[in-house]
Amino acid sequence: MVVGEIAEAVDLLVVGAGPAGYTAALHAARRGRDVTLVDRDGTDGVGGVCLRVGCIPSKALIELADLGARAAAAGLGLAAPDLGAFQARKRAIVAELTDGIRSMLGGADVRVLGGELRFTRPDQAVVRTPDGRAAFVEFRDVVLATGSRPTVLPGLVPDGQRVLDSTGALDLAELPAAVAVVGAGYIGVELGTALAKLGAAVTLVEAAGRVLPEIDAALVRPVARRLAQLGVAVLTGAAAGEHRDGLLHVRQGEQETAVKADVVIVAAGRVPNTDQLGLDRLGVTPGPDGRIPVAPDRTVRPHVAAIGDVSPGPALAHKGYAEAPVAVDALCGERVAFQPAAVPAVVFGDPEIATVGLTAAAARAEGLDPVVTTVPMAANGRALTLGAPHGTVQLVTEAGTGVVLGLHVAGPHASELVAAGTVAIEMGATALDLADTIHVHPTVSEQVQEAAKVAVRRAQAPRDSATRRIQ
């Protein structure tokens, strides 16, 4: 209790209404818990960054850009893209999805409270509401799901006009003539590719030695070739400096280059939102990277759990979705653990890249004996009809058993194909299982089956045959 204030008793408190948070709130309500969901933006914040200003809006932009590129490749003339109309369509998509989530929360009797939350002691927090009030809540259990925000670079602070973060980039109502994207990870590549297809002159500025440095180089090669075809300039080993007079100053070693850029988009990663919560009052200490160490059941200490971008592991919405019920069940007294065999990841570039499970190098690091089978996308009939023959399917299996260890795809619809690999890994399936599963013809998914067939044939070949194990 705080002198002069009456703290409201809350059974289960969820902080953050993004994918992890609202999933946790709904699961807890289904379990019979009385749930209060606090988000800085209240009901307007439902869906979080991913739904409102990230994943969903970016895919809408990517689809618009792809439509124009495919039409141009087919010799069809389309009007220049209207980003103003796109913004209206984007808002409609977001509104439909967020309305659906708000409806589910309301139907589950989850109370949504808007305001900035800060912990005042291990079982209490204060919420500064938009009207200036201080609402104190005293909770039994709490789930931390406050997500992440774009990294801000010194000298390139977003101003909403000439320097933008990824959120600002997706709010563009007019296409800039020249754009510099600082950071060539998945966000930078996705935005840069889409804007180039829409007609902007794009430069990617990346500190590492190549684009998508966190992904296997073999999968990145077709993306790098496509960027070149689109006219995207790529500066690697580069540090972005000041942006002034329509120029971004970039240093590569001892050389400085001035890149024309009407707009600079900073896509240099994200940082977890843990620094303004007063976690010390909660008895929680984030790690050096701002993430909160958690046990396998996603608890930090008794009555406290952390999920989504604030917890260790990849900052992916689908990871947050999967963590949420585990954390809630743990807070309800169950013995549970978040132990997925694999978490898939996707880059929605051109071509798409999707990866799940172990690469050959990671498998060897774990003491396994991997066999890698690679088949080209150019041999797939559906890929050819799509005009997207670039890329590969790479299947990683265990020598001897044929158990699927990883699936890595660069090509059309890779984001959909990776689910087959995820299921195979979770189920302990083998290459033979995939090879003997009937796949629809003509589809790109047949190329996963083809990789499995090749892996089986190689495993069955005599030891002195041309079977090749990639070391």
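Treat the numbers as computed from the prediction; the structure is a model and nothing was measured.

Cut-offs and rules
- Residues numbered from 1 in each chain as written.
- Predicted model: local features only at pLDDT ≥ 70, side-chain atom pairs only at ≥ 80, totals over all residues.
- Heavy atoms only, no water.
- UniProt positions renumbered as here; feature names shortened; annotations may be inferred.
- Helix = DSSP H or I, 4+ residues; strand = E, 2+ residues; numbered from the N terminus.
- Phe/Tyr/Trp six-rings, centres within 6.5 Å; stacked < 30°, edge-to-face > 60°.
- Buried < 20%, exposed > 50% of the residue type's maximum accessible area, 1.4 Å probe, protein only.
- Salt bridge = Lys/Arg side-chain N within 4 Å of Asp/Glu carboxyl O.
- Pairing = 2+ DSSP bridges.
- Axes fitted to C-alpha atoms, helices over the stretch in contact; angles between N-to-C directions.

A.B. asks: How would you sum up the UniProt feature "domain: Pyridine nucleotide-disulphide oxidoreductase dimerisation" (unreviewed entry) in the protein? Please name residues and give values.
C.D. replies: UniProt tags residues 343–452 as "domain: Pyridine nucleotide-disulphide oxidoreductase dimerisation" (unreviewed entry). Between the end C-alpha atoms of residues 343–452 there is a gap of 21 Å, over a span that is 34% helix and 26% strand.

A.B. asks: For the packing of aromatic side chains, give the residues involved together with the corresponding values.
C.D. replies: Scanning the entire structure with this criterion turns up two aromatic pairs. Measuring from ring centre to ring centre gives 6.2 Å for Y22 and Y321, while their planes differ by 65°; the resulting arrangement is edge-to-face. Of this pair, Y22 sits in helix α1 (residues 19–30) while Y321 is found in helix α9 (residues 317–331), placing the two residues 299 residues apart along the sequence. Judged by centre distance (5.8 Å) and plane angle (75°), the ring pair of F119 and F139 falls under edge-to-face. One end of the pair, F119, is in strand β4 (residues 116–121); the other, F139, is in strand β6 (residues 134–144), and 20 residues separate them in sequence. Summarising the burial analysis for this pair, F119 and F139 share the class buried.

A.B. asks: Explain the pattern of salt bridges to me, and be specific about the residues and the numbers.
C.D. replies: Should the charged atoms of two oppositely charged side chains come close, the side chains can pair. Throughout the structure, instances matching the rule amount to 25 salt bridges. A salt bridge links E334 to R31; the shortest N-O distance between them is 2.4 Å. Remark: R31 occurs in the loop between α1 and β2 (35–39) and E334 occurs in the loop between α9 and β19 (345–347); sequence separation between them is 303 residues. When its relative accessible area of 34% is taken as the criterion, R31 is described as partly exposed. Residues E256 and R251 are paired through a salt bridge, measuring 3.3 Å at the closest nitrogen-oxygen approach. Salt bridges here are not isolated pairs; linked through shared partners, they connect D11, R33, R140 and D141.

A.B. asks: Report on the sheet that holds strand β12 (residues 239–244), specifying residues and quantitative values.
C.D. replies: As summarised here, the arrangement of the three strands in space is β12-β13-β14, forming an open sheet in which the pairing is antiparallel. The open sheet is flanked by β12 and β14 (255–260), the only strands paired with a single partner. With direction set aside, neighbouring strand axes in the sheet form an average angle of 25°. In the sheet, strand β13 (residues 247–252) pairs with β14 via six bridges, with the strands oriented antiparallel. Each bridged residue has a counterpart across the sheet, and for L247 the counterpart in β14 is K260.

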